[in-house]
Amino acid sequence: MKNKYLSIISFILVIFLFNSCKKYLDAKPDKTLEIPSTISDLQAILDYDNFLNTGNGISFGEASADNYYLPDAVFNSQNNENQNAYIWSNTNYIDYPNDWASIYNIINVANVVLDNIDKIHATTIDQNDWDNVKGSALFFRASSLLKGVFTFCKAYDKATSTSDFGMAIKLTSDPNSPTIRSNLQDTYNRIISDIVESIPLLPNLPIQVERPGKASAYALLARTYLSMRIYDSCAKYANLSIELKNDLVDYNTINTSLNYPFGRFNKEVLFNDVDGGSSYYTVSPYYAIVDSTLYNSYDSNDIRRTAFFTSQPPGVRFKGMYFNQNRQLFIGLATDEVYLMRAECYARSGNKDSALADLNHLMVTRWKAGTFIPFTASDAQEVLSIILTERRKELIFRSLRWMDIKRLNKEGANITLTRIVNGQTYILPPNDNRFALALPADIIKMTGMPQNPL
């Protein structure tokens, strides 16, 4: 049995190594290796969390967003590609690893599982195990595609979604399958289809949050619809997720003096996913200085001020990841995000009281006991403004801000990003083409896919 699982792990590693050598999409594992042939083999692949949950950094969007800045000395110490990423001009990079590679490494593994699970006949004894394998693989593929959309695509706009560039939709592990860039509507359709198909196959809650369950799949679907600005569907699935899991951490119970106050797999975590090795190191807490205006927006009685941040010259650095290891940012799904999504959707539908109820239910767990005064508002628009402010403060460094900027600018938020580097000012205006980050130059050359417009 031990040798069997060593063979499965070797299979996974070869997938990774071949992707590393060819760099991105088309991996052909060594045929002399044992091919997974049982449900337990395929589950073992999906349980290789050092690869699927923590081994593939997704950091381009966060590195491009406005939660942080780099002092000139730190900027000057970075390599050329990191510098270009910081000022939104990295249009010809070929570095590996990167987000595109990480996304398709995981999609390739998911497709290996999906290609093989349908070849296995489930019995009444192992039907639940079979279902979990297929549902999990669909979840991983959808989650990875959504990360790609957030990073490499424009904000969703129904009017232009069939002409805007999406991702390459890979539905098989066959290395000879063509790599064609789809439009954004088709990409979102695939993401939604995969999640919807996964839900009846998954348990309500997994045995461990390195695996997905219905609660996390509903949350992922809510996140998908939020990015599309389809708020009624977002509210529907956020609500279904909360019905299955609604735990919140009372921040009064954590020790904010610790370097990493939040334990791994705390009770808010629905699905653990970590930026395990930032492709753009500028976003690493080792380098990134938290935006001072953002930091100063936290009230002195708001525990997040000390739980999330530490003073470390030349500024304030982030330490509040839901993962207790240095430089590894939590980018998974958690109940705090789900409450904020539902609250935002309530506010957008005019349901002021329900929006306030969700917001205050979350916020009372973030403030020092006895100090929180519940938010009030005269109308739903005022509530929405408060919710969006708290969303940014709560979900900082979770690889959500880049997409939030893009979708909110479609709503008229008029968010302009500015960097000042060595006395020179760089500006990224709302809805600029550069919000869809460039694909790696060698992928464009290898596949012939169109590059994002500059």
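This is a predicted model, so every value here is computed, not measured.

Basis of the calculations
Residues numbered from 1 in each chain as written. Predicted model: local features only at pLDDT ≥ 70, side-chain atom pairs only at ≥ 80, totals over all residues. Heavy atoms only, no water. Helix = DSSP H or I, 4+ residues; strand = E, 2+ residues; numbered from the N terminus. Buried < 20%, exposed > 50% of the residue type's maximum accessible area, 1.4 Å probe, protein only. Contact = heavy atoms within 4.5 Å. Areas by Shrake-Rupley, 256 points an atom, 1.4 Å probe, with all protein chains shown as cover. Lys, Arg positive; Asp, Glu negative; His and termini not counted. Charge placed at Lys NZ, Arg CZ, Asp CG, Glu CD. Phe/Tyr/Trp six-rings, centres within 6.5 Å; stacked < 30°, edge-to-face > 60°. Lys NZ or Arg CZ within 6 Å of the ring centre and 35° of its normal. Expected span 1.5 Å × (residues − 1). Polar contact = N/O pair within 3.5 Å; in protein donor to acceptor, adjacent residues only side chain to side chain. Pairing = 2+ DSSP bridges. Core = buried A, V, L, I, M, F, W, Y, C linked by side-chain atoms within 4.5 Å. Salt bridge = Lys/Arg side-chain N within 4 Å of Asp/Glu carboxyl O. pLDDT = per-residue confidence, 0-100. Axes fitted to C-alpha atoms, helices over the stretch in contact; angles between N-to-C directions. Parallel < 35°, antiparallel > 145°, perpendicular 65-115°, else oblique. Left-handed = near helix turned anticlockwise from the far one by under 90°.

Visitor: Please clarify how the overall build of the protein should be interpreted in this entry.
Guide: When its secondary structure is counted, the protein shows 18 helices and twelve strands. Each principal axis of the C-alpha atoms in the protein carries an extent, and together these give about 60 × 50 × 45 Å. By residue count, 59% of the 454 residues in the protein fall in the buried class. A separation of at least 24 residues holds for 73% of the contacts in the protein among residues at least 6 apart in sequence. Per element, the accessible surface of the protein, about 17,700 Å² overall, is 51% carbon and sulfur. Between the centroid of the 44 positive side chains of the protein and the centroid of its 47 negative side chains there is a distance of 2 Å.

Visitor: Mind showing me how you'd approach the packing of aromatic side chains here?
Guide: The description of two aromatic rings rests on the distance between their centres and on the angle between their planes. Applying the stated criterion to the full structure yields 28 aromatic pairs. Where Tyr 156 meets Tyr 188, the ring centres are 5.3 Å apart and the plane angle is 80°; that geometry is what we call edge-to-face. Taken together, the residues Tyr 156 in the loop between α8 (127-152) and β2 (165-168) and Tyr 188 in helix α9 (residues 184-198) connect sequence positions 32 residues apart. Each member of the pair Tyr 156 and Tyr 188 is classed as buried. Ring pairing ties together the aromatic residues Tyr 251, Phe 262, Tyr 295, Tyr 298, Phe 308, Phe 309, Phe 318, Tyr 322, Phe 330 and Phe 397, which thus form one cluster. Over the ring of Tyr 251 we find Arg 366; its NZ or CZ atom is 3.9 Å from the centre of that ring. Seen from the ring of Tyr 68, Arg 419 lies directly overhead, with NZ or CZ sitting 5.1 Å from the centre.

Visitor: Would you take a moment to explain helix α7 (residues 99-117) for this structure?
Guide: Residues spaced three or four apart along an α-helix face the same direction, because each turn holds 3.6 residues. Across its 19 residues, α7 extends 27 Å between first and last C-alpha, which sits within 8% of the 27 Å expected from 1.5 Å per residue. With 18 of 19 residues buried, α7 lies mostly within the body of the structure. Taking the backbone nitrogen of Trp 100 as reference, a side-chain oxygen 3.1 Å away marks Asn 98 as the first, capping residue of α7.

Visitor: I keep staring at the pairing of strand β7 (residues 309-312) and nothing clicks. Help me out?
Guide: Within a regular beta strand, the side chains point alternately toward one face of the sheet and then the other, so they alternate between its two faces. As defined by bridge partners, β7 adjoins strand β8 (residues 315-318) across four bridges and the pair is classed as antiparallel. By the bridge assignment for β8, Phe 309 is matched with Phe 318. Counting the residues that bridge the hairpin from β7 to β8 gives two residues.

Visitor: Looking at this structure, I do not really get the nonpolar core. What am I missing?
Guide: The nonpolar side chains of a soluble globular protein tend to be buried, and buried together. Judged by nonpolar contacts, the single largest core of 140 residues is most densely connected at Val 149, Phe 152, Tyr 188, Phe 308, Phe 309, Phe 318 and Ile 396. Ranked by the residues each element gives to this core, the list is headed by α8, at twelve residues. Not counting chain neighbours up to four residues away, the residues in contact with Phe 308 comprise Tyr 251, Phe 262, Tyr 298, Arg 317, Phe 318, Lys 319, Gly 320, Lys 393, Glu 394 and Ile 396.

Visitor: I keep staring at the side chain of Lys 214 and nothing clicks. Help me out?
Guide: With respect to the helices and strands, the residue Lys 214 is situated in helix α10 (residues 214-228). One buried charged residue, Lys 214, forms no salt bridge at all, with the nearest opposite charge on Asp 131 at 8.2 Å. Dropping the residues within four chain positions of it, Lys 214 is found in contact with Ile 199, Pro 200, Leu 202, Pro 203, Asn 204 and Leu 244.

Visitor: Is there a simple way to think about the confidence of the model for the protein in this case?
Guide: Averaged over all residues, the pLDDT of the protein equals 92, while 91% of them reach at least 70. For residues 1-6, every residue scores under 50 in pLDDT, and the model assigns this stretch five contacts once sequence neighbours within four places are set aside. Segment residues 16-33 is flagged for pLDDT under 50; beyond a separation of four residues in sequence, or across chains, it makes 53 contacts in the model.

Visitor: Explain the packing of α8 against α10 here, please?
Guide: Angle between the axes and distance between the axes are the two parameters that describe a pair of packed helices. At a closest axis distance of 11 Å, the pairing of α8 and α10 adopts a crossing angle of 25°. When the axes of α8 and α10 are compared, the pair comes out roughly parallel. For the pair α8 and α10, the sense of crossing is left-handed. Of the residues in α10, those touching α8 at Phe 139, Ala 142, Ser 143, Leu 146 and Phe 150 are Ser 216, Ala 217, Leu 220, Arg 223, Thr 224 and Ser 227.

Visitor: Whenever I open this one, α8 confuses me. Can you help?
Guide: The end-to-end C-alpha distance of α8 is 37 Å, a good match for the 38 Å that 26 residues give at a rise of 1.5 Å each. Most of α8 sits out of view: 23 of its 26 residues are buried.

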